[in-house]
Amino acid sequence: MYEKLRTCFIQAARPFREGAVDVFQQTFSVQTVRKATLVITALGVYEAELNGQKIGDILFAPGYTYYHRQLQVQTFDLTSLVKEGENTLRVYLGQGWYCGRYTFDNKCQVYGEHSAVSWILTVETGQNTRIYESSDGTVSILESPYSYAGFYDGEIYQAKALGLTDHKPVPYTGRLPEILEDGIVYTRIQERVCVKNVSRQGDVTILDFGQNFAGFVEIDPAYMHGETLQLRHGEILNQDGTLYTANLRKAKARIIYHKGNDTAKYRPRFTFMGFRYAELSGVEYQEGLLTAYVIHSQMERTGYFSCENEKVAQLYRNQVWGQRSNYLEVPTDCPQRDERMGYTGDGHVFALTGAYNYDSEDFLAKFLRDIRYTQLDNKEGYVAPVVPARGPEGVGFMSMLGWGNAVTILPWMMWRQYGTMKHLLEQYESMKKHVECEIRHMGRGIMGKKDLWMGPSLGDWLAPGKDVRYMAMHNGPVSNAFIVNDLRILSETAKLLGKTQDETRYRQQLEKTTNAYVRAFVKKDGSMKDDYQGAYIMALQMVLSEGSLRDACFERLVRKLRAEGMQTGFFATQHLLPLLADNGQERLAFDLLLNEKCPGWLYQVNCQATTTWERWDALRPDGTVNESNMNGDNMVSFNHYAFGSVGEFYYRYILGITPMEPGFAKIRIHPHVDRRLGSVEGSYQSRAGLIRVAWQTDRNTVSFRISVPAETLLALPDGTERTLAPGDYAFPEIPLGE
């Protein structure tokens with residue numbers, strides 16, 4: 001069927017115009033129907049209807065993939081939608097990621113020159129089987145209700161009955177991906193959000209939905225008194241109460257709706273926004289006029305946490321909402337500005353936290369597949385910082401080490417968290433290609449050092465006080481820590497898969513690169529030659545083994561943290577609190593978590609954030625936005641999940657839930673207790689079953705309630721350990737040290 005589908009692609013016979021939406025229609029008549037099936041895909045984004053009813057609940061079908069190599073296909077059972085007599089199949093086709101305006105370069109036709117669609121409708125009547133194809137000459141083109149539709153700028157829509165045009169579709173003759181296959185996971189509506197507060201600002205109305213999120217607003221024209229309605233979207237308000245949109249850069253993020261003779265509710269098909277606030281103009285607001293919907297890729301919630309310290313609890317909720325806003329087709333950087341791209345670095349930094357919040361195995365498996373296909377077109381076998389990549393490329397001037405290392409970090413994490421080696425097996429050759437590229441670059445260039453890759457990169461991205469110029473020259477200890485980590489994961493994976501020669505090769509390179517790293521970056525007294533916190537943290541987390549040098553390096557880090565406060569970027573932040581808690585500095589870890597000054601997580605909470613920010617100082621203490629210039633544009637997002645990687649500390653340290661064996665076949669529970677949190681409780685639905693932990697402090701003791709589905713090693717604050725069989729347990733009044 002999929003091979004036949006390749007021959008059925010059609011397009012509108014018109015020159016390319018940014019934002020154009022084509023509407024195709026096919027009618028058929030039946031008297032009885034036993035079964036009806038639609039197989040469909042598109043180069044672009046489509047939404048199909050049968051007899052006016054949306055087919056399926058997928059948004060942005062067929063989904064975002066590396067179109068140069070692969071395209072997803074959907075199959076829908078239409079049996080219940082087909083009626084006796086005449087039926088009308090209508091397909092709306094937008095440009096989407098394929099050829100609409102996309103990427104931070106704001107380019108059109110990134111993957112192809114024109115949108116196209118292909119479908120095969122099979123109707124079994126009992127007497128015979130009828131097949132209707134998009135290319136069989138029976139398809140008409142209707143007038144489009146869209147003047148414009150795109151991810152960044154939104155939609156301009158005329159609610160009108162759609163008349164037939166004189167045009168007919170023509171065969172699509174452009175290049176098709178070689179692989180058509182089923183999708184793994186799709187974007188869907190997740191929940192409804194109502195307006196929480198309404199205020200007037202001159203001629204416009206500001207609507208507050210109470211939460212920053214990714215989604216869109218549905219319009220019910222029954223409550224609309226006026227001809228044209230405009231909505232503009234933003235994450236925050238200016239100090240005078242007006243909508244702030246400067247951080248959207250070139251994205252207009254607006255909906256313009258023209259009322260007409262079609263009175264059905266209007267929901268955007270080809271766009272989404274990242275927003276908390278909407279500015280309404282053109283009509284007066286009435287309750288029932290506007291309803292917002294949260295969207296993200298389909299995942300089931302698996303992790304929960306609550307505590308009496310409301311600020312700590314709010315931070316937990318913020319990181320969850322960061323995931324909900326950015327796990328949309330690919331792990332994006334942000335949902336609001338003219339970017340929304342699949343950054344591999346952001347993706348792996350948050351992945352472990354995300355795997356506790358939600359069952360993200362399918363979502364990450366889809367991303368790993370995108371990595372494999374994208375990597376095929378990298379002439380050096382390197383994994384790009386953005387996946388799907390825009391097209392064939394190489395490494396580039398900046399190595400972007402720390403980003404593409406998702407190729408090893410993600411499948412290894414998924415094996416530990418979900419207990420399946422499937423992703424290690426599927427990704428193994430991709431991991432090797434990436435690591436071999438890293439090895440080939442060792443010792444190159446005027447900065448070259450044997451067994452290390454030296455050169456410009458972004459290092460511990462967005463560490464306070466360390467700009468791009470500084471990191472370009474001083475990223476070495478961060479960048480090469482990722483190479484050490486890659487070599488370790490790959491050698492361990494080779495061992496698991498029984499690939500003895502590979503294991504030997506990568507273990508030998510691991511030893512050489514580790515030794516070269518210490519010589520190049522670590523002084524004998526434990527200080528880092530590049531003396532910033534991220535360098536210490538990445539060396540301690542990924543490179544230095546137990547011993548006096550590591551101990552000295554750790555002590556240096558602790559002194560820096562006490563003197564400077566937290567000064568970490570995207571990569572080091574993930575490991576900071578766990579590193580401290582694992583090495584006898586539990587109190588300092590909680591001090592940093594609870595710090596309310598900038599930089600700090602609770603500073604954002606005090607600024608009324610409902611998601612985590614891209615920059616620690618996205619909003620300055622004086623209330624102004626940090627619009628620091630980056631290549632001619634500002635770069636400030638209030639919905640970036642990278643710093644939300646602190647969620648790992650909640651699950652694995654405050655609750656203490658970790659796997660002793662892959663997939664939680666055996667469990668370790670070691671709660672780290674701090675009285676400042678008040679009572680704490682949380683849970684994680686692991687592959688082994690539901691794990692619950694609750695604790696409550698009382699003067700010098702702490703009491704626990706614990707439920708486990710498998711054999712568990714429990715480590716208590718008094719230093720004792722207990723082995724638990726599956727069941728429910730209470731441990732009252734355990735002594736709690738200072």
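Conventions used here
- Residues numbered from 1 in each chain as written.
- Predicted model: local features only at pLDDT ≥ 70, side-chain atom pairs only at ≥ 80, totals over all residues.
- Heavy atoms only, no water.
- Pairing = 2+ DSSP bridges.
- Helix = DSSP H or I, 4+ residues; strand = E, 2+ residues; numbered from the N terminus.
- Axes fitted to C-alpha atoms, helices over the stretch in contact; angles between N-to-C directions.
- Phe/Tyr/Trp six-rings, centres within 6.5 Å; stacked < 30°, edge-to-face > 60°.
- Lys NZ or Arg CZ within 6 Å of the ring centre and 35° of its normal.
- Contact = heavy atoms within 4.5 Å.
- Salt bridge = Lys/Arg side-chain N within 4 Å of Asp/Glu carboxyl O.
- Buried < 20%, exposed > 50% of the residue type's maximum accessible area, 1.4 Å probe, protein only.

Describing the sheet that holds strand 34 (residues 712-715)
For step 1, the next point in the chain: With mixed pairing, the 4 strands of this open sheet are ordered in space as 29-30-34-35. With one partner strand each, in any of the chains shown, strand 29 (657-659) and strand 35 (721-724) form the two edges of the open sheet. Taken over all neighbouring pairs, the strand axes of this sheet differ in orientation by 20° on average, direction set aside.

Examining the packing of aromatic side chains
For step 1, the next point in the chain: A complete count under the given rule lists 48 aromatic pairs for this structure.
For step 2, the next point in the chain: Among the aromatic residues, those joined into a ring-pair cluster are Phe60, Tyr64, Tyr67, Trp97, Tyr98, Tyr102, Tyr111, Phe151, Tyr152 and Phe272.
For step 3, the next point in the chain: The lysine or arginine in question, Arg324, covers the ring of Trp321, its NZ or CZ lying 4.4 Å from the ring centre.
For step 4, the next point in the chain: Across from the ring centre of Phe272, 4.9 Å away, lies the NZ or CZ of Arg340, which sits over that ring.

Observations concerning the sheet that holds strand 23 (residues 303-307)
For step 1, the next point in the chain: Reading across the sheet, the 5 strands line up as 23-31-32-33-36 and stay open at both edges, with antiparallel pairing between neighbours. Edge positions in the open sheet fall to strand 23 and strand 36 (727-735), since each of these has one partner strand only. Between one strand axis and the next, the sheet turns by 10° as a mean value, whatever way the strands run.
For step 2, the next point in the chain: Bridge count between strand 32 (residues 689-698) and strand 33 (residues 701-708): 7 bridges; the pairing is antiparallel. Bridge pairing in strand 33 links Arg692 to Ser707.

A few points about the environment of Trp453
For step 1, the next point in the chain: With respect to the helices and strands, the residue Trp453 is situated in the loop between helix 7 (422-440) and helix 8 (468-474).
For step 2, the next point in the chain: Once the C-alpha coordinates of Trp453 and Phe554 are considered, the two residues, 101 residues apart in sequence, prove to be 24 Å apart.
For step 3, the next point in the chain: Ignoring any residue separated from it by four or fewer positions in sequence, one finds Trp453 in contact with Tyr382, Val395, Ser399, Leu401, Glu438, His441, Met442, Asn480 and Ile483.

Describing the pattern of salt bridges
For step 1, the next point in the chain: Within this structure, the stated rule accounts for 43 salt bridges.
For step 2, the next point in the chain: The salt bridge involving Arg687 is made with Asp359; its shortest N-O contact spans 3.1 Å. Of this pair, Arg687 sits in the loop between strand 31 (680-686) and strand 32 while Asp359 sits in strand 26 (residues 358-359), and the two are 328 residues apart along the sequence.
For step 3, the next point in the chain: Since its relative accessible area comes to 38%, Arg687 is described here as partly exposed.

These figures capture arrangement, not role.
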